[in-house]
Amino acid sequence: MPASETVSKRVERVFLGWDASLLDAAVAWLARRAGDVGENKSPKDSSARRLPRPLIALPSGRAVDRLRGRLDEEPRLGVDSADVVTVGSLLSKLLPTSEAFASAFEQTLAWTKVLRSASEPNLRLVTANPPAEHAIESWLEIASSLRQLHSDVAAQTWMFSDVVEHARSDVESKRWRALTEWQSQYLRVLADVGRVDLDAHSVMNLRSTTITLDQPILLVGTLDLPPLIEKLLQTCAGYITSLIGMPASLRSGLNDLGGLKEEAWQNHIVASLDDHFVPAQDVTDQSHAVMESLSEFGRHRSVDEITIGVTDASLIEPIEAHCALLEVPTYRHLGTPFLGTSVGRLLDLVCQHLESRSYASLAALVRHAGVHAALDDHLSDPSGEWLVKLDEVMANHFPLSVEEPLPPACPHTDTVNQLIGWVDEWLAPLLSKTPKASPPTGTDKTIKQQRLSDGCECLREVLMRLESGESPTGLADGPRVPKTDRTRQTLDQVLDAFQRIPASMDPIVDGATATRIVKARLADIRIPSDPAPEQIEILGWLDLALDDARAMVVAGFNHPFVPEATRSEPFLPNALRQSWQQTGNAKRYARDVVAMHQILAKRQYVRMIVGQFAADGSPTPPSRLLSATDPNTAARRVCNLLESSRPRVKLEPAPPSTDEVPGLVTPTNWQKSDFYQLPKPEAGRTVSHLSVTSFSAYLTCPYRFYLRYVLGLRPVDDLAMELAANQFGDLVHGALEWFGETDAKDATDENRVREALFDELNRYAQTHYGDNAATTIAMQVRQAQRRLRALARQQTQRAQQGWIMAQVEASVDENETDRNGNPKSPSGLWVDEEFMGIRGRFDRIDHHPDSGRWAILDYKTHAFTPEKKHLKKEGAKTQWIDLQLPLYRRLIPDLGIHADPADVDLGYFNVADKDADTKVNLARFSEEQFAEADERMHWCVRQIRACRFEPTDQRVPFDDYAEIVEGLA
C-alpha cells in the first residue's frame, strides 16, 4: 500500500514502492483520490480534492504518452482529468508570458548578431581565431556554444554576472565580464523582436516574484529535477504531491520534492544476481546476445511483455537488423533520426552535392530512390543503364569535380553530361540563377547570395519539385506511408520556422549554406513510428525505469553510456566547473543506480548485456553501476565479464504457433544459406567460348568463374581514389602498347626509348584520366614512369641483341578475320569432338631475323617468374594453376607464326617495382609439363560444359566476390 507523508503545508510525498509499475500505481492513486472527492470523503491531505485537474510532470515524453493512455483507460478519470507534461515543459507552465519564447535557433541567431558586433579582443577571449565576416556557419557554431553555456548556467539558477565573482585569473575575469555584457545585449536583441529567453525569464522570476498556480502539481518519478525547476517549485505558492517509485524506508535519500540526495546513493547496494549480466564482445555480438535473451524470454512471455533497452544509440540498428533477420518485429520508440529517413537522406545528399560539386556526391545523390526514378524518366539513355555508366566512369577515370570536362577516352561522356545538366537544372534555385545548359566548361557556377529565410524557401522549392512530379518527378509515386508523411510535415514545420525568422536576425547566405543550416537543425529531430502489439519496443535507458514490461534485456551496460558523464564546460572557472561536474556526475550515478534497482526489483526476467567494444571499435569497460554491491561481488563480476565468454547459440525464426506464449526465436543449427539469396548455377547454363585468362579463374574457384564469366557479374568500385593493381597494369600496358606503334620501338638509343615511353605514358594518362583526376593518379603515373625508366634499359639491350617487335596486341578469336575482313579459321580447342572457342590478346610478339626465333611475351607489373605463376607444388606433385603460356603455345599457328613451337620462346617481360626485377623471364617448361597442361585445359573445358561450378574451400586472394560467396560458408 502507498505510504504518504506531508513534508510541509503544501508538499506531500507518496511512496508507491518499486515492485510494480509506477505509472499503474500513479493512476490507481489518482483514481482513489477522485473516488474520495466523488463520495465527499475528507482525506488527510485534500490538495487533489481542492483542484481536481492537476498539472502532472513526468521525466520523459514516452512516460507522458503512457500515462495519458492509462488515464484514458480508467473510468473514473479519463485523459482530460489532468494536464500531463514533461519536466522540461514545466518552466513554460510555471512562468507563462504574453510574449513568445524564443526557439533554440532564434536564440543562436541572437547570439550570432551580438558576436558579430563584438570587438576582436573580446572575441579572442572565447575563440582563438574569430571567423571572417561572411563565415556565417562559424559564427553560428560559436553562438551555439554560448547558447548552451547560457542554458547550463541558468540551469544552476545563475546568470553570467553571478559567475564573474568566481573567476580566479585576469583572463577568466575579462572573459566573464565580456560574456555578461554580451548576455545583456542578447536579451535586448530578443526583446526587440518580441521574443523572451525562457531560461533567463525563469531565473529572473525566481529572484523577483512568488509563483502562484491555479492548479496543484503532481510529480511522478521525477527523481532528477534540474536545480532551476526544483527551486521554482520550492518557492511556488501551490500544492505539490510527489509520487515516488520506491518504498518509504528509503525516504532519507530524498529531498522534500522527492528528488535524490546524490550523496545518499553513492554506496547503495542493488539486489542483483550474476545471471542478470551477460558478457559480449563487439556490437554484432551484443545484438546476438539480445536475440539469445529473446529466445529465453519467448518461452515464458508474449511480445507485449518484453522490452529491449539500449544505452547507446549506435546499437539500435544492429539489433533491429538482427531482429528482422530472425523475423522478430520491433518498434523504435526513440524514433528514426530525421536524416535516416528517405526525405532526410535526400536533404543530406543535396547538401553534400552543393558543398563539394564532386562526382562522388553526384553518384550518391542520384542513387536516392526519388532522384533515381526521376532520372529514369528524363534521361535519353536507350539502354537504361545510366547509373552503371556513371559508376564505370568513376571506377575507370577517377574524375573529381563535375565542373571539369571528362577525359577523351571516357566512353560515356554524353550520358554523364546529360545527368549533370539535369541535376543542375533541378538544383538551380539553390545553385545559381541560370541552370547549366551545356557540358562542363571548367567555369564554376555563380553562387546565389540571399537571406537565410529565402534560401530555405528555395530549398522547399527544390524538394517539392522532386516530390510533386512537375520537373523532375519521383517521390510522389506509390502509396503514402504514415512515417514518410510525418517526415515531410516535420520538414515543413522547420522550414516554416525559418520563414518566421525576424528580419533583423536573418543572415545573408548562399544556397549550400542555407541547406547545411537546415540540415543541422533537423539532425537532432527523430520521427516516430506507429507501434503495434506484435512489436517489441526498443527504449532508451532513461525510459526503462518507468516501463511496465515483465521481461527486459538491456544492451550496452557499459561506461561511458550508463551512467553518462556530464559535459565539461570549458569556459567556466576551474573551481566552478569541477564542482558542477562532480555534482552532476554524482547525481547521474544516483539516478541510474535507482533506475537499475527499479528495473531489477519488479521483473523476473532481466538480462543486461555488457559488451567490450563500442560501434567504433573503442573499448568499453563495464558500467560503474556494477559496483552497486559488496566489493568482492563487484570484483568477481567484472573479472568474469571481462575474462569469460558465453557459449553462442545459433538461432532461427520460431515456427508458427497457436500457443498462448509463442516462441520468438528458436535455438537451432541455423544455416546462412537459408537467408542469403545467392546466384545458383543452373543446369545447362555455361559459355560457348573462353578467354586465355579465364582458365586460371576456373582453376582458382569454379563458382567465382560462374559469377564472372557465365553471369557477367564484375565488380565496379566507384569509391576508389587510386588505381587498383589491374588498373595500374592497364596504365603500364597501355603506354607500352602505344610505344610499340612508334618508330622508337626498335631503337638502340636508350635515351630515345626512354623519352618515347614517357611520352606515351603521359599521353595515355591524359587520354584516360585528364587533369580532373584524383591526385593519387598523378602519383601512380610517376611510379609507372620510374618503372618504365628501368624497362627502357632492358628494351634497348634487347634491340641491340637483334630482336625486333613484330606485333603488338595481336589477337585471336573464334570469329577472327584477316586484314581484308575475310573470316579466318576460328581459334580454339577440340575436346571430345566438340569445339570450344578461345579468345586471347598477346602483349608483344618479338622476332629475331638472324636466328629465325620468335618470342611471345606478356607484360607483367610484378616480379614473379612464369613457373611461379603457372605451377603450384602440392606435396610431391606439381599442379597447373594457370594455363596462359601453354595456351599461347597452342595458338601459335593462329598468329601467323610458321615455326616449330620449340623455336618460340614464351615468357614474361616483367615491369617490376624494383629495377633489378625488370627484365625478360622466359618459361622453362618441359614437353612433359606442356602435355600435362593440355590435359588440364581439356579437363577445364569438360567441367565447364558440364556446369560444374562448386565453390572452392580454399582461400582466394584478391577476392572480388567475398561478400557474395561468404554466404555459402
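As shown above, the structure is provided for reference.
Notes on the structure in this doc start here. (Residues numbered from 1 in each chain as written. Predicted model: local features only at pLDDT ≥ 70, side-chain atom pairs only at ≥ 80, totals over all residues. Heavy atoms only, no water.)

Here's the deal with the packing of aromatic side chains
Applying the stated criterion across every chain yields a total of 23 aromatic pairs. Here the aromatic rings of Phe-160 and Trp-176 are separated by 5.2 Å at their centres, their planes lie at 85°, and the arrangement is edge-to-face. Of this pair, Phe-160 sits in helix H8 (residues 160-164) while Trp-176 sits in helix H9 (residues 170-192), placing them 16 residues apart in sequence. Classification of Phe-160 as buried rests on a relative accessible area of 0%. An aromatic cluster of three or more residues is present, and its members are Tyr-698, Tyr-703, Phe-705, Tyr-706, Tyr-709, Trp-939 and Phe-949. If you follow Arg-714 out to its NZ or CZ, it ends over the ring of Tyr-709, 5.4 Å from the centre. (Phe/Tyr/Trp six-rings, centres within 6.5 Å; stacked < 30°, edge-to-face > 60°. Helix = DSSP H or I, 4+ residues; strand = E, 2+ residues; numbered from the N terminus. Buried < 20%, exposed > 50% of the residue type's maximum accessible area, 1.4 Å probe, protein only. Lys NZ or Arg CZ within 6 Å of the ring centre and 35° of its normal.)

Here we look at helix H15 (residues 359-366)
Within H15, 6 of the 8 residues are buried, which leaves the element mostly enclosed by the surrounding structure. Looking at H15, one finds that the buried residues are Tyr-359, Ser-361, Leu-362, Ala-363, Leu-365 and Val-366. As for H15, its buried residues are in contact with helix H14 (342-356), helix H16 (369-378), helix H17 (386-397) and helix H18 (413-426). (Contact = heavy atoms within 4.5 Å.)

A few points about the packing of H15 against H18
The interhelical angle for the contact between H15 and H18, taken along N-to-C directions, is 75°, at an axis separation of 12 Å. When the axes of H15 and H18 are compared, the pair comes out roughly perpendicular. Contacts between H15 and H18 involve Tyr-359, Leu-362, Leu-365 and Val-366 on the former and, on the latter, Val-416, Leu-419, Ile-420, Val-423 and Trp-426. A class-by-class count of the residues in the contact of H15 with H18 yields 9 nonpolar, no polar and no charged. (Axes fitted to C-alpha atoms, helices over the stretch in contact; angles between N-to-C directions. Parallel < 35°, antiparallel > 145°, perpendicular 65-115°, else oblique. Nonpolar A, V, L, I, M, F, W, Y, C, P; charged D, E, K, R; others polar.)

Re the pattern of salt bridges
What the rule picks out here adds up to 53 salt bridges. Notably, a salt bridge pairs Glu-537 with Arg-62, separated by 2.9 Å at the nearest N-O pair. A residue pair is termed long-range when its members are at least 10 positions apart, and Glu-537 in strand S16 (residues 536-540) and Arg-62 in helix H3 (residues 61-73) qualify at 475 residues. Under the relative-accessibility criterion, Glu-537 is labelled buried at 13%. Owing to a relative accessible area of 4%, Arg-62 belongs among the buried residues under this scheme. We note a salt bridge from Asp-960 to Arg-708, for which the minimum N-O separation is 2.8 Å. Residue Asp-960 is found in the loop between helix H33 (927-945) and helix H34 (962-965), and its partner Arg-708 is found in helix H27 (residues 702-710); the two are separated by 252 residues along the sequence. Among the residues examined, Asp-960 registers a relative accessible area of 43% and is labelled partly exposed. Within this structure, Asp-24, Arg-66, Arg-70 and Asp-548 form a network of salt bridges that share partners. (Salt bridge = Lys/Arg side-chain N within 4 Å of Asp/Glu carboxyl O.)

So, the state of the cysteines
Following the criterion strictly, the structure yields 0 disulfides and no others. Free cysteine Cys-456: the closest other cysteine sulfur is in Cys-458, separated by 9.2 Å. The exposure class assigned to Cys-456 is buried, which follows from its relative accessible area of 1%. Cysteine Cys-940 shares no disulfide, and the gap to the nearest cysteine sulfur, in Cys-701, comes to 13 Å. (Disulfide = S-S within 2.5 Å.)

Description of the nonpolar core
Ranked by internal contacts, the top residues of the largest apolar core, which has 87 residues, are Trp-182, Val-366, Leu-390 and Trp-426. The element contributing the most residues to this core is helix H7 (residues 136-155), with 8 residues. If we ignore the near neighbours within four places in the chain, the residues touching Val-366 are Val-371, His-372, Leu-375, Trp-386, Leu-387, Leu-390, Leu-419 and Val-423. Listed in part, the 49 residues of the second largest apolar core include Phe-695, Tyr-698, Leu-883 and Met-937. (Core = buried A, V, L, I, M, F, W, Y, C linked by side-chain atoms within 4.5 Å.)

Observations regarding the sheet that holds strand S2 (residues 11-15)
Adjacent strands of a sheet form backbone hydrogen bonds with each other and so pair up, either parallel or antiparallel. One open sheet accounts for 6 strands, arranged S1-S2-S8-S7-S3-S4; its pairing is mixed. In this open sheet, the two edge strands, each paired with only one partner strand, are strand S1 (3-8) and strand S4 (83-86). Between one strand axis and the next, the sheet turns through 20° on average, direction left out of account. Where strand S7 (residues 217-220) meets strand S8 (residues 240-244), 4 bridges bridge the pair, whose relative direction is parallel. Residue pairing in the sheet places Leu-219 in a bridge with Ser-242 of S8. Sheet strands touched by H3: strand S3 (55-58) and S4. Its angle to S4, the strand with the most contacts, is close to 160°. (Pairing = 2+ DSSP bridges.)

Looking at the side chain of Lys-745
Following the sequence through the fold, Lys-745 ends up in the loop between helix H28 (725-739) and helix H29 (750-768). Separated by 2.8 Å, the side chains of Lys-745 and Asp-746 make a polar contact. Dropping the residues within four chain positions of it, Lys-745 is found in contact with Phe-739, Gly-740, Gln-795 and Met-805. (Polar contact = N/O pair within 3.5 Å; in protein donor to acceptor, adjacent residues only side chain to side chain.)

Notes on the packing of H14 against helix H22 (residues 511-522)
Helix packing geometry: the angle between the two helix axes and the distance between the axes. Between H14 and H22, the shortest axis-to-axis distance is 9 Å and the interhelical angle comes to 145°. Note that H14 runs across H22; the crossing there is left-handed. When H14 is examined against H22, the residues Leu-347, Asp-348, Val-350, Cys-351, Leu-354 and Glu-355 are found in contact with a partner set consisting of Gly-511, Ala-512, Thr-515, Arg-516, Val-518, Lys-519 and Leu-522. A class-by-class count of the residues in the contact of H14 with H22 yields 7 nonpolar, 2 polar and 4 charged. (Left-handed = near helix turned anticlockwise from the far one by under 90°.)

Quick word on the sheet that holds strand S18 (residues 605-610)
Strand order across the open sheet formed by 6 strands is S9-S18-S17-S10-S16-S11, with parallel pairing between neighbours. With one partner strand each, in any of the chains shown, strand S9 (277-279) and strand S11 (330-332) form the two edges of the open sheet. On average, each strand axis in the sheet is tilted by 25° relative to the strand beside it, whichever way the strands run. Pairing analysis gives 4 bridges linking strand S10 (residues 306-310) to S16, with the strands arranged parallel. Residue Thr-307 lies in a different strand from S16, and its bridge partner there is Glu-537. Here helix H24 (residues 574-601) sits on the sheet in contact with S9, strand S17 (551-555) and S18, set at roughly 135° to S18.

A word on H33
The terminal C-alpha atoms of H33, which comprises 19 residues, lie 27 Å apart, in line with the 27 Å expected from a rise of 1.5 Å per residue. Taken as a whole, H33 has its buried residues at Phe-930, Ala-933, Met-937, His-938, Cys-940, Val-941, Gln-943 and Ile-944. Looking at the residues trailing H33, positive phi occurs at Cys-947, about 60°. (Expected span 1.5 Å × (residues − 1).)

Here we look at unusual backbone geometry
His-559 connects to Pro-560 through a cis peptide bond whose omega is 10°. With an omega of -10°, the peptide bond running from Val-562 to Pro-563 counts as cis. Within the secondary structure, Pro-563 sits in the loop between S17 and H24. The backbone of Phe-398 sits at a positive phi, close to 55°, despite the residue not being glycine. Relative to the helices and strands, Phe-398 resides in the loop between H17 and H18. Here Phe-398 falls in the buried class, since its relative accessible area comes to 3%. In the Ramachandran plot, Glu-833 falls in the positive-phi region, its phi being about 65° despite a non-glycine side chain. Following the sequence through the fold, Glu-833 ends up in the loop between strand S23 (828-831) and strand S24 (834-848).

Focus: the pairing of S7
Side chains of S7 alternate between two faces, with Ile-217 and Leu-219 and Leu-218 and Val-220 buried alike. Summarising the sheet, S3 and S7 pair through 3 bridges and their orientation is parallel. Within S7, the position partnered with Ala-57 by the bridge is Leu-219. In terms of handedness, the path from S7 via helix H11 (residues 227-235) over to S8 forms a crossover that is right-handed. (Right-handed = clockwise from strand over helix to strand, strands pointing away.)

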